[in-house]
Amino acid sequence: MFVRGLKRKCFDGEEDIEGTLAGIKAIPSYNLQRQSLLDMSLVKLQLCHMLVEPNLCRSVLIANTVRQIQEEMTQDGTWQMINTQSTGQASLDRLVSTDILCRSSKEQAEGKHVPGYGTFNKDFEGDQGQDSSETMSTASSVQAPRNLQSNVWEMENPQENKGNFQKSLDQIFETLENKSPNSVEDLFSEVDNSYYDLDTMLTGMMSNTKMGHCDGLETFSSPTNTASNSNCKSDLNELDHIVEILVES
Amino acid sequence: ADIISTVEFNYSGDLLATGDKGGRVVIFQREQESKCRPLSRGEYNVYSTFQSHEPEFDYLKSLEIEEKINKIRWLPQQNAAHFLLSTNDKTIKLWKISERDKRAEGYNLKDEDGRLRDPVRIKELRVPTLKPMDLMVEASPRRIFANAHTYHINSISVNSDYATYLSADDLRINLWHLEITNRSFNIVDIKPANMEELTEVITAAEFHPQQCNVFVYSSSKGTIRLCDMRSSALCDQHSKFFEEPEDPSSRSFFSEIISSISDVKFSHNGRYMMTRDYLSVKVWDLNMENRPVETYQVHEYLRSKLCSLYENDCIFDKFECCWNGLDSTIMTGSYNNFFRMFDRNTRRDTTLEASRESSKSRAILKPRKVCTGGKRKKDEISVDSLDFNKKILHTAWHPTENFIAVAATNNLYLFQDKVN
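Residues numbered from 1 in each chain as written. Chains lettered and ligands numbered in written order. Predicted model: local features only at pLDDT ≥ 70, side-chain atom pairs only at ≥ 80, totals over all residues. Heavy atoms only, no water.

The condition that has to hold: UniProt positions are given in the numbering used here, feature names are shortened, and annotations may be inferred rather than shown by experiment.
The name an unreviewed UniProt entry assigns to chain B is Serine/threonine-protein phosphatase 2A 55 kDa regulatory subunit B, from the organism Onychorhynchus coronatus. The Sequence similarities (unreviewed entry) field of the UniProt record for chain B holds the comment "Belongs to the phosphatase 2A regulatory subunit B family."

Per an unreviewed UniProt entry, chain A goes by CDCA4 protein and derives from Onychorhynchus coronatus.

### With respect to the overall build of chain A
To keep things clear, this is the line we draw: Only DSSP runs of H or I with at least four residues qualify as helices, and only runs of E with at least two residues qualify as strands; both kinds are numbered from the N terminus onward. Any residue under 20% of the maximum accessible area for its type is buried, any over 50% is exposed, and the rest in between are partly exposed; the area is computed with a 1.4 Å probe on protein chains only. Note on areas: Shrake-Rupley, 1.4 Å probe, and residue coverage restricted to the protein chains presented here.
A tally of helices and strands in chain A yields eleven helices and zero strands. When the helices and strands of chain A are read in sequence order from the N terminus, they spell out α-α-α-α-α-α-α-α-α-α-α. When the 249 residues of chain A are sorted by exposure, 53% land in the buried category. Counting only carbon and sulfur atoms, one obtains 52% of the accessible surface of chain A, whose full area is about 11,400 Å².

### Let's talk about the overall build of chain B
What counts is decided by this rule: Every residue pair with non-hydrogen atoms within 4.5 Å of one another is taken to be in contact.
For chain B, the count of helices and strands is two helices and 31 strands. Intrachain contacts of chain B at a sequence separation of at least 6 include 51% that bridge at least 24 residues. As presented, chain B carries roughly 20,500 Å² of accessible surface, and 48% of it is formed by carbon and sulfur atoms.

### Looking at the sheet that holds strand β17 (residues 224–228) of chain B
Residues and elements named next belong to chain B. Which entries qualify depends on this criterion: Any two strands with at least two DSSP bridges between them are considered paired. Between the N-to-C directions of two axes lies an angle of 0 to 180 degrees, each axis being a line fitted to C-alpha atoms and, for a helix, fitted only over the stretch in contact.
As summarised here, the arrangement of the four strands in space is β15-β16-β17-β18, forming an open sheet in which the pairing is antiparallel. Each edge of the sheet is formed by a strand with only one pairing partner; in this case those strands are β15 (202–207) and β18 (240–242). Neighbour to neighbour, the strand axes of the sheet diverge by 20° on average, direction disregarded. Bridge count for β17 against β18 is three bridges, and the pairing is antiparallel. Note that in β18 the partner of I224 across the bridge is F242.

### Let's talk about the side chain of K93 of chain B
Residues and elements named next belong to chain B. Let me state the cut-off plainly: Charged residues are defined here as Lys and Arg on the positive side and Asp and Glu on the negative side; His and the ends of the chain fall outside this count. Only one rule defines a salt bridge in this text: a Lys or Arg side-chain nitrogen within 4 Å of an Asp or Glu carboxyl oxygen. Distance and chemistry together define a polar contact, namely a pair of N or O atoms within 3.5 Å, with one atom able to donate a hydrogen and the other to accept it when in protein, and with adjacent residues in sequence counting only for side-chain atoms on both sides.
Summarising the element assignment, K93 is placed in strand β9 (residues 92–105). In this structure K93 is buried but unpaired, with E56 as the nearest side chain of opposite charge at 6.0 Å. Within the structure, the side chain of K93 is placed 2.8 Å from the backbone oxygen of S52, a separation counted as a polar contact. Setting aside anything within four residues of it in sequence, one finds K93 in contact with S52, H53, L84, L85, S86, R143 and I144.

### What to know about the pattern of salt bridges
Applying the stated criterion to the full structure yields 28 salt bridges over all chains. Ionic pairing is found between R172 of chain B and D189 of chain B, a salt bridge with its closest N-O pair at 3.1 Å. With R172 of chain B in strand β13 (residues 172–177) and D189 of chain B in strand β14 (residues 185–189), the pair connects residues that are 17 residues apart, well separated along the chain. Exposure remark for R172 of chain B: the relative accessible area of 19% places this residue in the buried category. Relative accessible area serves as the criterion here: at 25%, D189 of chain B is assigned to the partly exposed category. The salt bridge partner of K265 of chain B is D263 of chain B, with a shortest N-O separation of 2.9 Å. Residue D263 of chain B is classed as buried on the basis of its relative accessible area, which comes to 4%. Through salt bridges with shared partners, a single network forms among K44 and R58 of chain A together with D313 of chain B.

### Looking at the packing of aromatic side chains
Going by this rule: Only the six-membered ring of Trp is used, alongside the rings of Phe and Tyr, when aromatic pairs are assigned; centres must lie within 6.5 Å, and planes under 30 degrees apart are stacked while those over 60 apart are edge-to-face, with the rest tilted. Only lysine NZ and arginine CZ atoms are considered, and such an atom sits over a ring when it is within 6 Å of the ring centre and within 35 degrees of the ring normal.
A full pass over the atoms with the stated rule returns 20 aromatic pairs over all chains. A ring pair is formed by Y11 of chain B and Y162 of chain B, whose centres lie 6.3 Å apart and whose planes are at 80°; its orientation type is edge-to-face. Placement of the pair is Y11 of chain B in the loop between β1 (4–9) and β2 (15–20) and Y162 of chain B in the loop between β11 (153–158) and β12 (164–169), with a sequence separation of 151 residues. We classify Y162 of chain B as partly exposed; its relative accessible area is 37%. Taken together, a centroid distance of 4.8 Å and an interplanar angle of 50° make the contact between Y335 of chain B and F388 of chain B tilted. On the criterion of sequence distance, the pair formed by Y335 of chain B in the loop between β24 (329–333) and β25 (338–343) and F388 of chain B in the loop between β28 (380–382) and β29 (394–397) is long-range, its members being 53 residues apart. For the pair formed by Y335 of chain B and F388 of chain B, the shared burial category is buried. Here the basic side chain of K44 of chain A rests over the ring of Y310 of chain B, its NZ or CZ set 5.3 Å away from the ring centre. It is K110 of chain B that lies over the ring of Y107 of chain B; its NZ or CZ is 4.6 Å from the centre.

### What about empty space enclosed by the protein?
For the record, the criterion: Buriedness for pockets is judged along seven lines, at least five of which must meet protein on both sides within 12 Å for an open set on the 1 Å grid over protein atoms alone, while cavities are sets there where a 1.4 Å probe fits but cannot get out, and lining residues have an atom within 4 Å of a point. Grid points are joined across faces, edges and corners, and a volume is the space filled by probe spheres set on the points. As a working rule, the residues Ala, Val, Leu, Ile, Met, Phe, Trp, Tyr, Cys and Pro are called nonpolar, Asp, Glu, Lys and Arg charged, and the rest polar, with Gly in that last group.
In total, this model carries eight cavities of 30 Å³ or more according to the counting rule given. Approximately 100 Å³ is the volume attributed to the second largest cavity. What lines the second largest cavity is a set of 14 residues, among which S260, I315, F316, D317 and K318 of chain B lie closest to the centre. Looking at the lining of the second largest cavity, the element that brings in the most residues is helix α2 (residues 56–76) of chain A, giving three residues. Taken together, the residues of the lining of the second largest cavity break down into seven nonpolar, three polar and four charged.

### Quick look at the sheet that holds strand β30 (residues 403–408) of chain B
Residues and elements named next belong to chain B. In spatial order, the strands read β29-β30-β31; together these three strands make up an open sheet with antiparallel pairing. With partners counted over all chains shown, the strands left at the sheet margins are β29 and β31 (411–416), one partner each. The average undirected angle you get between the axes of adjacent strands in this sheet is 15°. The pairing of β29 with β30 spans four bridges and is classified as antiparallel. Paired with W397 across the strands is I404, a residue of β30.

Shown next as structure tokens:
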């Protein structure tokens, strides 16, 4: 009926599992399924940006599903398990990793989840006793703007091949900081806009064997260099938007 | 572009309007009963076709605005002409459909073929006379209500005062007067100050059929809010809040998505309302907010397939639902060109199929059944064989008689109760 590469089994099947042995077996497969659902959702959100004007209802429902999965994963402590390093990495790395996420490749997703959620994880560790997702989301949303601001300063390290990209990113973060209604609205409404060529970006990413800091940025700057400033802004707005969704939850 | 996107009977049931993805409106008219063709009563023939909306381009956002007709709503007939509202994502138009079966002949200043006559040659005056002509049905746009919605319009609803109507998009609901196009009042606004906090959108809205101050709107979280316009100008505070508590045993990652309400319809008597979510139809008593009075499973066999349906986006399909004239039966669509009817009194339900093979003219539809597991009986169809591209999203029931219109992608099917 449906031919895709992802695993087909549904989550609802877990209710049928009985016995500890089966239960133990179910846990890793449940995590795997949950992860693939998360990846699928992120791809859907990213693809949303490709359409002429995506359905806001659909986007909101998918975003809520993503948030729900992340909350559950945090409660499970799965975040902690896969958290390797949460030291300050440039946010550009996080943006890069967000894109790799959207390739729906599980390994990369699991590996790259780390930098994006480093800060969020700190919150969780600080609030060990509190399980309520509300507290967590409040804490993280407070963290998010601060996180972004710190990223702006972190990125000021001069790197020649980041010129254009850097400036545009700064522009966007400044807009975010101002929190003027229009710009914030643009974040979500410009979910619709897309001159962003996912194919080009993915091809660019794929061709780089070493996914180092600079390489990732180089491939980023190639599509953006050709596009106009406003296109660049909207492209990054969307990436930011994804980060926002992930980070604030 | 021929995909039907909305179906609506008018108040008398004599006219049936359909809107499609290409922005066209096709109106069918019921054949009048006549002695020479007794069986022709009940047939609907094309009455008028016109292009309601054209594709537009929003230069500011560099986005195309689809011409697809999202909803058509008729106005009650007040004179010889018929009026309807049709809307795409951004603009609502009021159309006047009128008949012309006479034309004037014998003008003084021009010939029969329209050429101007030389005034010098006119020797005498005559009064033009009206002569019959072939019936011509004209549709003309009388009002255009534009630029009031930032987001996609999903519903329009004419008020029982027949002077105002509401239009709802994902985040806002506006109140219009039918005569005034340059102004509308915002009556509901659920847009958060920070768009990143957006978690809920408006999915449908409708005015109460009798109380002109009451309307409801449904949300993507499975809740319905009833608002009274007398209480405040901005109805962000609801008067009633309808939500069924979630069943913790059936919770999954898809719970919220399948609880999203795709359609809400008041009963004709105004005492109940019906909501359609992905797997079920619920009937609510307006006086009871904590749970629906009736719940009908449309295609429960899909619950185990939600993962796949999420992957292919079918889980986001918006099915509509409708009442019959007596509010005793409700109808909604499903996949594989199946549609379901639930009799509220007998609690019996039927599954029927709208397809060319099973719908020969005058043939009685055979009830269908979906096999949910185990041995498949003859004539049953298994869940895996269902065609998810053949979905019936739009259905309509004649206001007084047992006539139904079912839209299956780009085909319109009309069924009637057995005539003895």
